[in-house]
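# Survey of secondary and tertiary structure
The primary structure of each chain is shown beneath.
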Amino acid sequence: MDKTESTVRNILTAVEAPLYDIGVLSDQGVLPGLDSIPAAGVLDRLSVLKYRNARGSHIYVRPSGEHRFTVLDDLNETTLARLSADGSILAPSLRQAPATSKPG
């Protein structure tokens, strides 16, 4: 199991939901047709996610539709600490560190 598969499996386990949305954002916009996918379907798309990520796309996996989670994206350590300290958010159950650089 490689790092991408491990990360996606961790997300699917920590954020259990019936369906997920996959976001693939590049300079050309968002890749369509990746909404309301079951967990097995997310895992089936790992090769696409790896390919797009290696080419600089921003990738996320989040619960689809109504759910009990608040998904925060692209928060740095300082902002996360400030929001936690002032009570704006509860401690996250899963935090995926942002990529520091992408292959070009």
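Throughout what follows, the structure given in this document is the object of discussion. (Residues numbered from 1 in each chain as written. Predicted model: local features only at pLDDT ≥ 70, side-chain atom pairs only at ≥ 80, totals over all residues. Heavy atoms only, no water.)

### Here's the deal with the environment of D27
Examined against the element boundaries, D27 turns out to sit in the loop between β1 (20-26) and β2 (29-30). We classify D27 as exposed; its relative accessible area is 81%. Between the C-alpha atoms of D27 and H58, which are 31 residues apart in sequence, the distance is 9.6 Å. (Helix = DSSP H or I, 4+ residues; strand = E, 2+ residues; numbered from the N terminus. Buried < 20%, exposed > 50% of the residue type's maximum accessible area, 1.4 Å probe, protein only.)

### Brief notes about the pattern of salt bridges
Taken as a whole and judged by the stated rule, the model has two salt bridges. For K50, the salt bridge identified is with D2, shortest N-O distance 2.2 Å. Of this pair, K50 sits in helix α3 (residues 46-54) while D2 sits in the segment before α1 (3-14), placing them 48 residues apart in sequence. Of the residues examined, K50 reaches a relative accessible area of 32% and is grouped as partly exposed. According to the relative accessible area criterion, D2 is partly exposed, its value standing at 32%. E5 serves as the salt-bridge partner of R9, at 2.8 Å between the closest nitrogen and oxygen. Taken together, the residues span about one helical turn, with R9 and E5 both in helix α1 at a distance of four residues. (Salt bridge = Lys/Arg side-chain N within 4 Å of Asp/Glu carboxyl O.)

### Quick notes on the environment of A17
Its place among the elements puts A17 in the loop between α1 and β1. Between the C-alpha atom of A17 and that of P63, which follows or precedes it by 46 residues, the distance is 5.9 Å.

### Structural notes on the environment of L19
One can find L19 in the loop between α1 and β1. Distance in space between the C-alpha atoms of L19 and R62 is 8.7 Å, their sequence separation being 43 residues. Not counting residues within four places of it along the chain, the set of residues in contact with L19 comprises S36, I37, P38, P63 and S64. (Contact = heavy atoms within 4.5 Å.)

### Topic: α1
With 12 residues, α1 should cover 16 Å at 1.5 Å per step; its first-to-last C-alpha distance of 16 Å lies within 8% of that length. Those residues of α1 that sit buried are E5, V8, I11 and L12. Buried positions in α1, seen along its axis, are confined to an arc of 130 degrees and lie on one side of it. Among the exposed residues of α1, those oriented more than 90 degrees off its buried face are K3 and T13. Those residues of α1 that are buried are in contact with β1, α2 (39-44), α3 and β3 (58-63). With a side-chain oxygen lying 3.2 Å from the backbone nitrogen of T4, the N-terminal cap of α1 falls on D2. (Expected span 1.5 Å × (residues − 1). Arc of directions from axis to C-beta. Polar contact = N/O pair within 3.5 Å; in protein donor to acceptor, adjacent residues only side chain to side chain.)

### Focus on the nonpolar core
Ranked by size, the top nonpolar core spans 13 residues in total, and within it L12, Y20, I22, V42 and V61 carry the most contacts. If you list the elements that add at least two residues to this core, you get α1, β1 and α3. Apart from residues no more than four positions distant in its own chain, L12 is found in contact with Y20, A39, V42, L43 and V61. (Core = buried A, V, L, I, M, F, W, Y, C linked by side-chain atoms within 4.5 Å.)

Keep in mind these numbers describe shape, not what the thing actually does.
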